[in-house]
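Close look at the chain arrangement
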Amino acid sequence: MSHLVFLFIISMLINLSQGVRMPYMTTDPKDIAGKSFDYIIVGGGTAGCSLAATLSEKYSVLVIERGGSPYGDPLVEQRKNFGYSLLNTDEYSSVAQSFTSLDGIENYRGRVLGGSSAINGGFYSRASDEFVKQAGWDKDLVQDSYKWVESKVVFKPELTQWQSVVQFGFLEAGFYPYNGYSLEHTQGTKIGGSIYDQCGKRHTSADLLGFGKPNCTTVLLNATVESIIFGGNKTRAVGVRFMKSDGSSSKSYKAHVEKHRGEVILTAGALGSPQILLLSGIGPEKHLRDFDIPVVVDLKQVGRKMSDNPGISLLVDRFSQNRTLEPPQVAAIAEGFKFILESEVLPTNITTTRISIAAKIAFPKSKGRLKLNSTDSRENPSVKFNYLENKEDLDACQEMVLHLQHVARSETVTFFLGTQSQDKLVAGDEELKSFCKENVRTYYHYHGGCVVGSVVDEDYKVNGVKRLRVVDGSTFEESPGTNPMATVLMLGRYQGIKILKEREAEEEQQQKFLSPQGSPQPQP
């Protein structure tokens, strides 16, 4: 029995003991090749799993995930190993896949069932009311969708010692009011939700698959989608081509969607979804022809409006130590939601740690672009975010560094760390500018590439073709809340319900059309 199969059986037994039935999972592409489903979801990540669980309530769903299972992996599941997955990456199989943007900044993306919810800090916080309003979403359905997610994978954390300390540091630095435990995005200092439970076990979006209909869901692991298959004179999506992710074979397989109303839905994230569209012939014509990709739709905005919130991290302990690793549990939210601050105890290697207090610019003006590097979908695309290119971002960064310094030299933080408070760590406009340019980093909340209004419409349908949608963070023009995880989890549920209602309405309309004229209708 293989190690993967053994871990999967153990996880199934645990889920069954908790009254949760997980769907059928396989790593053999031959099990899927040639079959048809009502919906094919490309990417079993943060949005993909909640979407799949919802659609499976009435229809057959195939989830294709390029990574493996998170179950039984201590780097994913255990809080005490937080951050180690980012130190343990490889080309084809690691749960975190590293990439370096053309800006020269290292970054990561999830490559495992559960996506980035399997490798992040697990901090859960909703989007602001203003974000929901600007998105044009149904407020009541948004609330219901958040609550559905929260009832299954979100927990109130018990603050660790350092998180209690930095909480007071935020307040000393002026991040008022104190909002206690809250899932809402409001100004001040608060304790957020967590996808780590009280025993320190992480609950990724993959857990949500167990709350759909498992007999209607199939999950193919370790398989990478190469491109979308189009029919009807290339006007509608009819299936996908995929191959094994491990590089052992380039053999291609196909799966199809149900002929009349089946859909392909991309939930592969801000790098994966625009990359798959480009590889499928949807994107700027000139760029596609550079790679000899036949053009299906000349959609110039695919890969555009890429954005990553610029971050600055201050290491507040003087030297490496061996502390217990801690994901963030507390957030400071500046006036106007302009900056978000959090703190973590991160591993620098297998034995040493550093304490980071970090902040991000919530609404960066600088935008970048994603392009193909090759026609191999297993390789990372090329992306440039143009951090701090816009003067407003550079000015904001200077202000943000001053906020970080106020927290770092607060009495609570300095007393706990045993360090002397300094009047000025970085001072003067020029010094602050240089510090920002030299130390800007990712906050891991990159988004864009398939933005609503330019690549997809308000129903997340790709412009120019039928039966194809994108439902993930690539559709965002700004990152919601303190971080996007809660809203991306919600979005999968929200869009799933909307699709079910849309299809129900279509079927009712068809039934009326097919009914003989004048025939009696059944009474309610």
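Residues numbered from 1 in each chain as written. Predicted model: local features only at pLDDT ≥ 70, side-chain atom pairs only at ≥ 80, totals over all residues. Heavy atoms only, no water.

Spelled out, the test is: UniProt positions are given in the numbering used here, feature names are shortened, and annotations may be inferred rather than shown by experiment.
An unreviewed UniProt entry annotates the protein as Protein HOTHEAD-like originating from Camelina sativa. Per UniProt, the protein has the following entry under Sequence similarities (unreviewed entry): "Belongs to the GMC oxidoreductase family."

Concerning the overall build of the protein
To keep things clear, this is the line we draw: Secondary structure is summarised from DSSP: a helix means a run of H or I of at least four residues, a strand means a run of E of at least two, and numbering begins at the N terminus for each. Type-normalised accessible area, obtained with a 1.4 Å probe on protein chains alone, sets the label of each residue: buried when under 20%, exposed when over 50%, and partly exposed for intermediate values. Working rule for contacts: check all heavy atoms of both residues, and any pair within 4.5 Å makes them a contact. A residue counts as positive if it is Lys or Arg and as negative if it is Asp or Glu; His and the chain ends are not included. To locate a charge, take atom NZ for lysine, CZ for arginine, CG for aspartate or CD for glutamate.
The helix and strand tally for the protein stands at 12 helices and 25 strands. Its C-alpha atoms give the protein principal-axis dimensions of roughly 85 × 55 × 50 Å. For the protein, buried positions account for 58% of its 524 residues. Sequence separation of at least 24 residues holds for 71% of the intrachain contacts in the protein that already meet a minimum separation of 6. Here the protein contributes 58 positively and 60 negatively charged side chains, and the mean placements of these two sets differ by 5 Å.

Considerations on the sheet that holds strand 19 (residues 330-333)
What counts, and what does not: Strand pairing is defined by DSSP finding a minimum of two bridges between the two strands. Simply put, an axis is a line fit to the C-alpha atoms, just over the touching stretch for a helix, and the angle between two N-to-C directions goes from 0 to 180 degrees.
The strand order 8-9-19-20-21-18-24 describes an open sheet built from seven strands, whose pairing is mixed. A single partner strand is all that each edge strand has here, and the edge strands are strand 8 (178-181) and strand 24 (441-442). Sitting on the sheet, helix 11 (residues 429-439) is in contact with strand 18 (310-315) and strand 24, with an inclination near 100 degrees to strand 18.

Examining the pattern of salt bridges
Convention followed: A side-chain nitrogen of Lys or Arg and a carboxyl oxygen of Asp or Glu constitute a salt bridge if their distance falls within 4 Å.
Per the stated rule, a full pass over the model turns up 23 salt bridges. One salt bridge in this structure joins Asp-290 and Lys-286, with 3.9 Å as the shortest N-O distance. Highlighted residues: Asp-290 and Lys-286, both in helix 8 (residues 285-290), separated by four residues, approximately one helical turn. Residue Asp-376 pairs with Arg-378 through a salt bridge whose shortest N-O separation is 3.3 Å. Accessibility assignment for this pair places Asp-376 and Arg-378 in one class, buried. In this structure, a network of salt bridges that share partners links the residues Asp-38, Glu-258, Arg-503 and Glu-507.

Regarding the state of the cysteines
Rules: The disulfide criterion used throughout: a pair of cysteine sulfur atoms within 2.5 Å.
Across all of its chains, the model carries one disulfide by this definition. Residue pairing for Cys-397: its cysteine sulfur links by disulfide to Cys-436, the two sulfurs lying 2.2 Å apart. Since a negative S-S torsion denotes a left-handed disulfide, the Cys-397-Cys-436 link at about -105 degrees is left-handed. Of this pair, Cys-397 sits in helix 9 (residues 391-408) while Cys-436 sits in helix 11, and the two are 39 residues apart along the sequence. In this structure Cys-397 comes out as buried when scored by relative accessible area, which is 1%. Taking the relative accessible area as the measure of exposure, Cys-436 reaches 0% and is therefore buried. No disulfide involves Cys-450; its nearest neighbouring cysteine sulfur is the one of Cys-49, lying 19 Å away. Relative accessible area serves as the criterion here: at 0%, Cys-450 is assigned to the buried category.

A look at the pairing of strand 14 (residues 253-257)
Residues in a regular strand point their side chains to alternate faces of the sheet. Because side chains alternate across strand 14, one face comprises the buried residues Tyr-253, Ala-255 and Val-257, and the other comprises Lys-254 and His-256, none of which is buried. Taken together, the two bridges between strand 2 (residues 36-37) and strand 14 define a ladder with parallel strand orientation. In the strand pairing of strand 14, Phe-37 is matched with Val-257. Where strand 13 (residues 236-244) and strand 14 come together, four bridges link them in antiparallel fashion. Bridge pairing in strand 14 links Arg-241 to Lys-254.

A look at the environment of Ser-69
Mapped onto the fold, Ser-69 is located in the loop between strand 4 (61-64) and helix 3 (74-77). Along the sequence, Ser-69 and Arg-79 sit 10 residues apart, while their C-alpha atoms lie 17 Å from each other.

Comments concerning the environment of Ser-116
Defined as follows: Polar contact is the term for a pair of N or O atoms within 3.5 Å; when the atoms are in protein, one must be able to donate a hydrogen and the other to accept it, and sequence-neighboring residues count only if both atoms are side-chain atoms.
Structurally, the position occupied by Ser-116 is in the loop between strand 6 (106-110) and strand 7 (123-124). Once you skip the residues sitting within four places of it in the chain, Ser-116 turns out to touch Thr-46, Arg-109 and Gly-110. Here the side chain of Ser-116 touches Gly-110 through a polar contact of 3.5 Å, landing on its backbone nitrogen.

Here we look at the packing of helix 9 against helix 11
This is how it is decided: Oblique is the label for any angle not covered by the other classes, which are roughly parallel (under 35 degrees), roughly antiparallel (over 145) and roughly perpendicular (65 to 115). Amino acids are sorted into nonpolar (Ala, Val, Leu, Ile, Met, Phe, Trp, Tyr, Cys and Pro), charged (Asp, Glu, Lys and Arg) and polar (every other residue, Gly among them).
One can describe the packing of helix 9 onto helix 11 by two numbers: an axis separation of 9 Å at closest approach and a directional angle of 95 degrees. What the angle tells us is that helix 9 and helix 11 run roughly perpendicular. Counted together, Leu-394, Cys-397, Gln-398, Val-401 and Leu-402 of helix 9 and Asp-429, Leu-432, Lys-433, Phe-435, Cys-436 and Lys-437 of helix 11 form the full contact between these two elements. In terms of residue class, the contact of helix 9 with helix 11 is made up of seven nonpolar, one polar and three charged.

Here we look at helix 5 (residues 139-153)
Note on helix geometry: an α-helix contains 3.6 residues per turn, so any two residues three or four positions apart are oriented the same way. The condition that has to hold: Expected span of a helix, by definition, is 1.5 Å for each gap between consecutive residues, and there is one gap fewer than residues.
Look at helix 5: 21 Å from first C-alpha to last across 15 residues, which is about the 21 Å you get at 1.5 Å a residue. Those residues of helix 5 that sit buried are Leu-141, Val-142, Ser-145, Tyr-146, Trp-148, Val-149, Glu-150 and Val-153. Its buried side turned inward, helix 5 meets helix 2 (46-55), strand 7, helix 4 (129-135), strand 10 (193-194) and helix 12 (485-514). In this structure Asp-138 caps helix 5, since a side-chain oxygen of it lies 3.0 Å from the backbone nitrogen of Asp-140.

Points about the packing of aromatic side chains
As a reminder of what qualifies: Working definition: a ring pair exists when centres of Phe, Tyr or Trp rings (six-membered ring for Trp) sit within 6.5 Å. Plane angles under 30 degrees give stacked, over 60 give edge-to-face, the rest tilted. Our definition puts a charge over a ring when NZ of Lys or CZ of Arg is within 6 Å of the ring centre and also within 35 degrees of the ring normal.
Per the counting criterion, the structure on display carries 11 aromatic pairs. Ring geometry for Phe-170 and Phe-175: centres 6.4 Å apart, planes at 80 degrees, overall edge-to-face. The ring of Phe-211 carries the charged tip of Lys-152 above its face, separated from the ring centre by 5.2 Å. Over the face of the ring belonging to Tyr-253 we find Lys-251, whose NZ or CZ atom lies 5.3 Å from the ring centre.

A short note on the packing of helix 5 against helix 12
What counts, and what does not: What makes a crossing left-handed is the near helix being turned counterclockwise from the far one by less than a right angle; a clockwise turn instead makes it right-handed.
At a minimum axis separation of 8 Å, helix 5 and helix 12 run at an interaxial angle of 115 degrees. In the packing of helix 5 onto helix 12, the handedness of the crossing is right-handed. Side by side, helix 5 and helix 12 meet where Leu-141, Val-142, Ser-145, Tyr-146, Trp-148 and Val-149 of the first sit next to Ala-486, Thr-487, Leu-489, Met-490, Arg-493, Tyr-494, Ile-497 and Lys-498 of the second. Here the residues of the contact of helix 5 with helix 12 sort into 10 nonpolar, two polar and two charged.

Looking at the pairing of strand 12 (residues 223-231)
Taken across its nine residues, strand 12 has eight buried, putting it largely inside the fold. Note: strand 12 against strand 13, eight bridges, orientation antiparallel. In the sheet register, Val-225 faces strand 13, and the bridge partner there is Phe-242. The turn linking strand 12 back onto strand 13 is made up of four residues, and Gly-232 within it adopts a positive phi angle of 60 degrees.

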